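Each chain, written out:
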Amino acid sequence: MNQLAVLTSGGDAPGMNASLRAIVRSANNKKINVYGVFNGFEGLIDDHLSELKPRQVGNIIQRGGSILHTSRSKRFLNKKFRDQARENLLKRNINSLIVIGGEGSLKGAKYLGQEGEINVLGLPATIDRDLPFVGPTIGFDTAINTALQAIDRIRDTASTSNTVHIIEVMGRACGWISLFAGIGGGAEAVILPEFPTDIEKLAQQIKEQRSSGKQGCILIVSEGACNSSGGEGLIKDLNKVSNFDLRITKLGHIQRGGNPSAVDRVLASRLGANAVEGLLAGHNQCVVAQPKDKIEMIPFTKLSGNLNSEMRDYHELIFKLV
């Protein structure tokens, strides 16, 4: 292998640039040329590739987003367009590709790898942390810290005015952000898409806390909870069983942006460098991950399963701390 390509795909995550930097510089030290693919799988289909030199990835480790840009490519689901993407790589004598992205992006990488001729590795970059068995994902730590900064500020006003503040965080189908933000922010409850919520019990819990002298209340809700209605759905449900003064704050895409935390910079750099080593060692159709203390190559075929068992301990911790 003397040439490889790299792309970022799907929703952006803080730390993508750090992983890109690590890939380019690690490859350069091995005398391997790196081509950046602009605009994700869409750029791979449309042949938007350009060689990246080490100096071109200087001063990006601290930047959010992705200098290669991203996309969500429906065309890549069609084999005809995957074949076109493969041809664009092979005509440059590129037979290795690193895909930096989340669940959907790694599925695209899996399809491309299964169809032959291109060795593919993935880096798990998603603020949702919605990939089983891979451990922390690039961008998750930054997203949590961004959410916590907002929650800490809202806690001040909730305690002053004795209101119930509902804070909606990202996570349509996965509640990891809600769980960590809830524990770290001292929330009274966390509402997740993975687990049912007894609204009457929740309302009674809030009433009892107020009776004991507690000022203010913070409820964290995933955007995909309450029948995919998020905070608005929770307000509707609570209004049926209580007369609380309810306020809602939707954090939205501020959780995607901003400079990556030290944790995400180190994780992204470590995974990026090991992806180059993994390709040289002959690994293919794997995600490069750090489920514990060591880097592992986890086959794409194992990236399935329910995350609920991993989340249950954190979910139960919320109730122990109220």
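Criteria and thresholds
Residues numbered from 1 in each chain as written. Predicted model: local features only at pLDDT ≥ 70, side-chain atom pairs only at ≥ 80, totals over all residues. Heavy atoms only, no water. 1 Å grid on protein atoms, 1.4 Å probe; cavity = no way out; pocket = protein on both sides within 12 Å on 5 of 7 lines; lining within 4 Å. Points joined across faces, edges and corners; volume = space filled by probe spheres on them. Helix = DSSP H or I, 4+ residues; strand = E, 2+ residues; numbered from the N terminus. Nonpolar A, V, L, I, M, F, W, Y, C, P; charged D, E, K, R; others polar. Pairing = 2+ DSSP bridges. Axes fitted to C-alpha atoms, helices over the stretch in contact; angles between N-to-C directions. Contact = heavy atoms within 4.5 Å. Expected span 1.5 Å × (residues − 1). Buried < 20%, exposed > 50% of the residue type's maximum accessible area, 1.4 Å probe, protein only. Arc of directions from axis to C-beta. Salt bridge = Lys/Arg side-chain N within 4 Å of Asp/Glu carboxyl O.

Novice: Which residues make up the layout of surface pockets, and what values go with them?
Specialist: Approximately 1000 Å³ is the volume attributed to the largest pocket. A total of eight residues in the lining of the largest pocket trace back to one element, the largest contributor, which is helix α4 (residues 103-114). Across the lining of the largest pocket, the residue classes tally to 15 nonpolar, 16 polar and 11 charged. Each pocket or cavity is described by its volume, and for the second largest pocket that value is around 240 Å³. Around the second largest pocket, the lining comprises 13 residues; the ones closest to its centre are Thr 197, Asp 198, Lys 201, Gln 205 and Phe 319. Of the residues contributing to the lining of the second largest pocket, the split by class is eight nonpolar, three polar and two charged.

Novice: Which residues make up the sheet that holds strand β6 (residues 164-169), and what values do they have?
Specialist: Taken together, four strands build an open sheet; the order of strands is β7-β8-β6-β9 and the sheet is parallel. Edge strands, defined here as strands with exactly one partner in the open sheet, are β7 (189-191) and β9 (246-250). Going across the sheet, the axis of each strand differs from the next one's by a mean of 20°, ignoring polarity. Here β7 pairs with strand β8 (residues 217-222) via three bridges, running parallel. Within β8, the residue paired with Val 190 across the bridge is Ile 220. Here helix α7 (residues 199-211) sits on the sheet and contacts β6, β7 and β8; the angle it forms with β8, its principal contact strand, is near 155°.

Novice: Could you give an account of α4, with specific residues and numbers?
Specialist: Under the 1.5 Å per step criterion, the end-to-end length of α4 is 17 Å for 12 residues, consistent within 8% with the ideal 16 Å. Within α4 the residues assigned to the buried category are Ser 105, Leu 106, Gly 108, Ala 109, Leu 112 and Gly 113. Within α4, the buried residues cover an arc of 155° as seen down the axis, which keeps them to one side. The secondary structure elements touched by the buried residues of α4 are α2 (40-45), α3 (79-90), β4 (96-101), β5 (119-124) and β10 (286-289). Phi for Gly 116, located one or two positions after α4, is positive at around 90°.

Novice: Tell me about the pattern of salt bridges, residues and numbers included.
Specialist: All chains considered together, the criterion is met by 14 salt bridges. Here Asp 47 and Lys 91 are joined by a salt bridge, their closest N and O atoms 2.7 Å apart. Of this pair, Asp 47 sits in the loop between α2 and β3 (49-52) while Lys 91 sits in the loop between α3 and β4, placing them 44 residues apart in sequence. Accessibility expressed as a relative area gives 23% for Asp 47, which makes it partly exposed. Glu 51 is the salt-bridge partner of Lys 53, the closest N and O atoms lying 3.1 Å from each other. Take Lys 53: its relative accessible area is 43%, and that puts it in the partly exposed class.

The quantities given are spatial measurements derived from coordinates; they are silent on function.
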